[in-house]
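Secondary and tertiary structure notes
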Amino acid sequence: MYPGQSASQAGRARVPNQPSPGSDNDNEVFLPEGSNYQQTGSLLHELPSYQSMLRRTTSYQGSQRRRSSTRSNKTSNYEEANQVLDLRPLREYALSIQEKRKLRELKEAQSRNTTGWEQWKANRGKTWRRCGEEAQELLSHLQLWRHDIRSIEGKFGTGIQSYFSFLRFLVFLNFIIFIMMFAFITLPIVISRHGIFNSSNIVYNADTVCTVYIVGSRGLTYFYNYIIDLLSGTGFLESTYLFYGYYTVDIVSYANYNYSLPLAYLLVTIAYLLVSLLWIVKRSVEGFKQSLVHDEDRFQSYCNKLFAGWDFCIIDEDTAHLKHSSLQYELRTDLEEERVRQKIAERTRRQTISIYFIRTVLNIIVLSILGVCFYAIYVATVFAQGYNSVQGTAAVNLVVEYLPSIVITAANFITPIIFQMIVRYEDYSPAFVIRITLMRCVFMRLVSIGVLLVSLWTRITSCSVDKCMPCGYNHTVYPCWESRVGQEMYKLMIFDFIIICALTIFVEFPRKLIVTYCPNKLVQWWGLQEFEIPENVLNIVYGQTICWIGTFYSPLLPAIATVKYFIIFYIKKISLMQNCRPATRPFRASSSNFFFLLVLLIGLVLACIPVGFGIAQVPASRACGPFVNFSTSWEIIPFTVSTLPTGAQKFLYGIASEAFAVPFFVLICLIMFYFVALAGAHKRVVIQLREQLAMEGRDKLFLIRKITEAESEEIKSIKGISHRKHGLQRRMLQRPPDDIDA
């Protein structure tokens, strides 16, 4: 005991987490009475946390402020828990039993002080929340492919399950886009043409040169011509609701209300792009929060893989072995990254210059390969657009129709193999090798669509003769260029679906049969097809980008995309269950949808560029579509604004003016700066909490070591006393009885 300290005080001597004179910390370590620590006042000052505090703190007032903030934080935590107590059951809180009892007593005391009306409102709120939870649980049971996705998760883990969940999200997204396009564009025309609503068709201008648009009719044809038309979007499909050129209704009237189809066409196009953006951002916000606060802590990464890396949803033995090898590969990859970082730190200047020179040369080669692929796409597009179908047979005409799609698919198949060979010589870390390869493949897949569109628009807007100049586009070759663009997007989507089905039927199934029934060691080493998650994700993102671009030119294309992804789900599921095995080297972000949504967001941004350019810059066709009387599709907006009352016009022009745009831009920048600063503050708090957690661990190790030393010393002293006692007893027994009596 210290001088002047009572026995009860000595029995409750405490070691605070951050000791200082007069501190009142809640984290206490109670030491037994009579311990050696109570006789050494310097023990508290030996704690690592105290030494760290001395280095960081220069005054006693700073430590007081810190302790007061700690107490206020704890109080605020209790208050916050008390405030949200009605939102969820008490058993869901990560609190001890004593703290839960305190919260329950506090809640009961508050309920006794409330009136009957307030209690009724609180009970009603609980009832509504309970009903909402039950309804949400019921809807989860009615969710599409719920049982299938759970079975995939149980056999192959959460990585592959996330791919199928992502595919289901795209099915829902395309279905919503189809509902929007059908309800606001297609359905009014269908109803008006059946005489339910009155409608007025578009009145063409007197210029007959630009308004000539004749859909080809071959009369009596062979049956295979219908198959060709079905695959290429020409012939009878060109004069249906599938393509832009069929929408020639201007206004649909019902009673005294006039529904402007051109305005609805443009606004719905903007709306489905915004809905896609908001939905993607909403789904990815959780992963984005995690990426903001995520710190590249290698020790934490090792601990997560060792103690929390196992997927308890796995019930298949083979998949469990694959998961073991996957964790082993990830640990090996982490060690390899550490080796690469150490190697980079030990590089000489000459080695650094050499590796950067090699990377520069290889990146030039990559750019050259991309340039060759883009040029091949451009040449194929120009050749296919200028080909005269009268010269060849039906099979040749079909191949020429699909020539740009074939070239794009071949480039998408060959370039990833070349990129994987090149990246081996760039000396990157394993994680960066995966990222840069994926980014190159994403760039190749998505930009190839842009090259196709640029090739089309180059021919559409170029006029080699003077007679096409009044129209602003080459109306002799493209009288309805929007339908031609829609046909190209339609062919890309159909060909992409055919390729996916063909690979499954003619590559994966035969490979499964060969591996299963052929005993050759080389074939067994070849093994089953691996289900590569990033590659499959890139395939469906590529198809979704085509859908976003083509929906303006083919309003029913989202319905085709919905059916396509619906069928692909079952194709991929059957192929996964029968032909494939999970990748032994899975992509690290496969368990999270954030990577998928990030790539999808890149595809959406790239899709908005050609759609916006086609709406605002390229002259609208004068022979088809709802915008024949406007120079561009965007001009319907100022025309509609000019028909509004004067007050509404001034308000809209004021919003569109620079006087509103500049302050709005400044406000948006301030809001963004605030959220960036808030994210930085949260990240610093996470870092401080991690440091505090590590410091508490060091304190515990220090105290455990001291307690172990004290216990060993106490055991030694007890053994010494016992040894002396036994020696005294032996000596007393050895003495004569007379000496003992004396």
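Predicted, not measured: the structure shown is a model, and the values here were computed from it. (Residues numbered from 1 in each chain as written. Predicted model: local features only at pLDDT ≥ 70, side-chain atom pairs only at ≥ 80, totals over all residues. Heavy atoms only, no water.)

**Describing the overall build of the chain**
What the chain contains, in helices and strands, is 24 helices and five strands. Here the chain, with 742 residues, has 37% of them falling under the buried criterion. Relative to all contacts within the chain whose residues are 6 or more apart in sequence, the contacts with residues 24 or more apart total 75%. Summing over all exposed atoms, the chain offers an accessible surface of approximately 43700 Å²; the carbon and sulfur share of this is 63%. (Helix = DSSP H or I, 4+ residues; strand = E, 2+ residues; numbered from the N terminus. Buried < 20%, exposed > 50% of the residue type's maximum accessible area, 1.4 Å probe, protein only. Contact = heavy atoms within 4.5 Å. Areas by Shrake-Rupley, 256 points an atom, 1.4 Å probe, with all protein chains shown as cover.)

**What to know about the state of the cysteines**
Linking two cysteines covalently via their sulfur atoms produces the bond known as a disulfide. Following the criterion strictly, the structure yields one disulfide and no others. Paired by a disulfide, Cys 480 and Cys 624 hold their sulfur atoms 1.8 Å apart. Because the torsion about its S-S bond is 90°, the bridge between Cys 480 and Cys 624 counts as right-handed. Of the two residues, Cys 480 is situated in the loop between α15 (430–461) and α16 (481–517) and Cys 624 in the loop between α20 (594–616) and α21 (636–642); the sequence distance between them amounts to 144 residues. Overall, Cys 480 belongs to the buried group, its relative accessible area being 5%. (Disulfide = S-S within 2.5 Å.)

**Here's the deal with the pattern of salt bridges**
This structure, assessed with the given rule, holds six salt bridges. Between Lys 343 and Asp 427 there is a salt bridge; the shortest N-O distance is 3.7 Å. Taken together, the residues Lys 343 in helix α11 (residues 317–345) and Asp 427 in the loop between α14 (403–422) and α15 connect sequence positions 84 residues apart. Overall, the relative accessible area of 38% leaves Lys 343 in the partly exposed class. A single network of salt bridges, built from pairs that share partners, joins Lys 343, Arg 347 and Asp 427. (Salt bridge = Lys/Arg side-chain N within 4 Å of Asp/Glu carboxyl O.)

**Some points on the side chain of Arg 168**
Along the chain, Arg 168 falls in helix α7 (residues 158–193). In this structure Arg 168 is buried but unpaired, with Asp 148 as the nearest side chain of opposite charge at 8.8 Å. In this view, Arg 168 contacts Gln 143, Leu 144, Trp 145, Arg 146 and Ile 149; residues no more than four positions away in its chain are not counted. (Lys, Arg positive; Asp, Glu negative; His and termini not counted.)

**Topic: the environment of Tyr 272**
By the element assignment, Tyr 272 lies in helix α9 (residues 261–293). Of the residues examined, Tyr 272 reaches a relative accessible area of 0% and is grouped as buried. When the C-alpha atoms of Tyr 272 and Met 181 are compared, they prove to be 8.4 Å apart, with 91 residues separating the residues in sequence. Contact partners of Tyr 272, with chain neighbours within four places excluded, come to Ile 177, Met 180, Met 181, Trp 548, Thr 551 and Phe 552. At a separation of 2.8 Å, a polar atom in the side chain of Tyr 272 contacts the main-chain carbonyl oxygen of Trp 548. (Polar contact = N/O pair within 3.5 Å; in protein donor to acceptor, adjacent residues only side chain to side chain.)

**Topic: the packing of α16 against helix α18 (residues 533–550)**
One way to put it is that α16 packs onto α18 with a least axis distance of 9 Å and a crossing angle of 160°. Judged on the interaxial angle alone, α18 and α16 are roughly antiparallel. Crossing angle aside, the handedness with which α16 passes α18 is left-handed. Residues Met 489, Leu 492, Met 493 and Asp 496 of α16 touch α18, and the partners they reach there are Asn 539, Tyr 542, Gly 543, Ile 546, Cys 547, Ile 549 and Gly 550. Of the residues in the contact of α16 with α18, the class split is seven nonpolar, three polar and one charged. (Axes fitted to C-alpha atoms, helices over the stretch in contact; angles between N-to-C directions. Parallel < 35°, antiparallel > 145°, perpendicular 65-115°, else oblique. Left-handed = near helix turned anticlockwise from the far one by under 90°. Nonpolar A, V, L, I, M, F, W, Y, C, P; charged D, E, K, R; others polar.)

**Looking at the side chain of Asp 496**
Note on placement: Asp 496 falls in helix α16. We classify Asp 496 as buried; its relative accessible area is 9%. In contact with Asp 496, not counting residues within four places along its chain, are Asn 539, Tyr 542, Gly 543 and Lys 564.

**Some thoughts on unusual backbone geometry**
Phi is positive for Trp 145, close to 60°, though the residue is something other than glycine. Looking at the element boundaries, Trp 145 is found in the loop between α5 (116–141) and α6 (146–156). The exposure class of Trp 145 is buried, given its relative accessible area of 6%. Within the chain, Asp 427 stands out as a residue other than glycine whose phi angle is a positive 60°.

**Re the packing of aromatic side chains**
This structure, assessed with the given rule, holds 29 aromatic pairs. Taken together, a centroid distance of 5.3 Å and an interplanar angle of 85° make the contact between Phe 164 and Phe 569 edge-to-face. Of the two residues, Phe 164 sits in helix α7 while Phe 569 sits in helix α19 (residues 557–578), which places them 405 residues apart along the sequence. As far as burial versus exposure is concerned, Phe 164 and Phe 569 are alike and both buried. Plain terms: the ring middles of Phe 552 and Tyr 553 are 5.0 Å apart, the flat faces sit at 90° to each other, and that makes the pair edge-to-face. When its relative accessible area of 1% is taken as the criterion, Phe 552 is described as buried. Classification of Tyr 553 by relative accessible area gives buried; the value is 1%. One aromatic cluster in this structure is built from Tyr 241, Tyr 244, Tyr 246, Tyr 247, Tyr 265, Trp 481, Phe 552, Tyr 553 and Phe 627. The positively charged end of Arg 359 is found above the aromatic ring belonging to Tyr 356, 5.6 Å away from the centroid. (Phe/Tyr/Trp six-rings, centres within 6.5 Å; stacked < 30°, edge-to-face > 60°. Lys NZ or Arg CZ within 6 Å of the ring centre and 35° of its normal.)

**Here we look at the packing of α18 against α19**
At a minimum axis distance of 9 Å, the contact between α18 and α19 shows a crossing angle of 165°. When the axes of α18 and α19 are compared, the pair comes out roughly antiparallel. Considering the relative orientation of α18 and α19, their crossing is right-handed. Residues Asn 536, Ile 540, Gly 543, Gln 544, Ile 546, Cys 547 and Gly 550 of α18 form the contact with α19, whose own contacting residues are Leu 557, Pro 558, Ala 561, Lys 564, Tyr 565 and Lys 572. Class assignment of the residues belonging to the contact of α18 with α19 gives a composition of seven nonpolar, four polar and two charged.

**Describing the pairing of strand β2 (residues 249–254)**
Judged from the four bridges that link them, β2 and strand β3 (residues 257–260) form a sheet pairing that is antiparallel. Paired with Ile 251 across the two strands is Ser 260, which belongs to β3. Following β2, the chain reverses through two residues before pairing antiparallel with β3; Ala 255 in that reversal takes a positive phi of roughly 60°. (Pairing = 2+ DSSP bridges.)

**Focus: the nonpolar core**
With 110 residues, the main nonpolar core has Phe 164, Phe 166, Trp 481, Met 489, Trp 548, Leu 600 and Phe 627 as its most contacted residues. For this core, the element with the most residues is α7, which contributes 15 residues. Other than its neighbours up to four places away in sequence, Trp 548 contacts Leu 173, Ile 177, Tyr 272, Leu 273, Ser 276, Ile 280, Leu 600, Gly 603, Leu 604, Ala 607 and Val 611. (Core = buried A, V, L, I, M, F, W, Y, C linked by side-chain atoms within 4.5 Å.)

**Side note on the confidence of the model for the chain**
Considering every residue of the chain, the mean pLDDT works out to 76; 74% of them sit at 70 or more. Mean pLDDT across the secondary structure elements of the chain bottoms out at helix α1 (residues 7–11), with 40, and peaks at α19, with 91. The low-confidence segment residues 1–41 (pLDDT under 50) makes 72 contacts with residues lying over four places distant or belonging to another chain. Every residue in residues 70–87 scores below 50 in pLDDT, and together they form 19 contacts with partners more than four places removed in sequence or on other chains. (pLDDT = per-residue confidence, 0-100.)

**Side note on the environment of Glu 508**
With respect to the helices, strands and loops of the structure, Glu 508 is situated in helix α16. Take Glu 508: its relative accessible area is 11%, and that puts it in the buried class. Glu 508 sits 20 residues away from Leu 528 along the chain, and the two C-alpha atoms are 8.2 Å apart.

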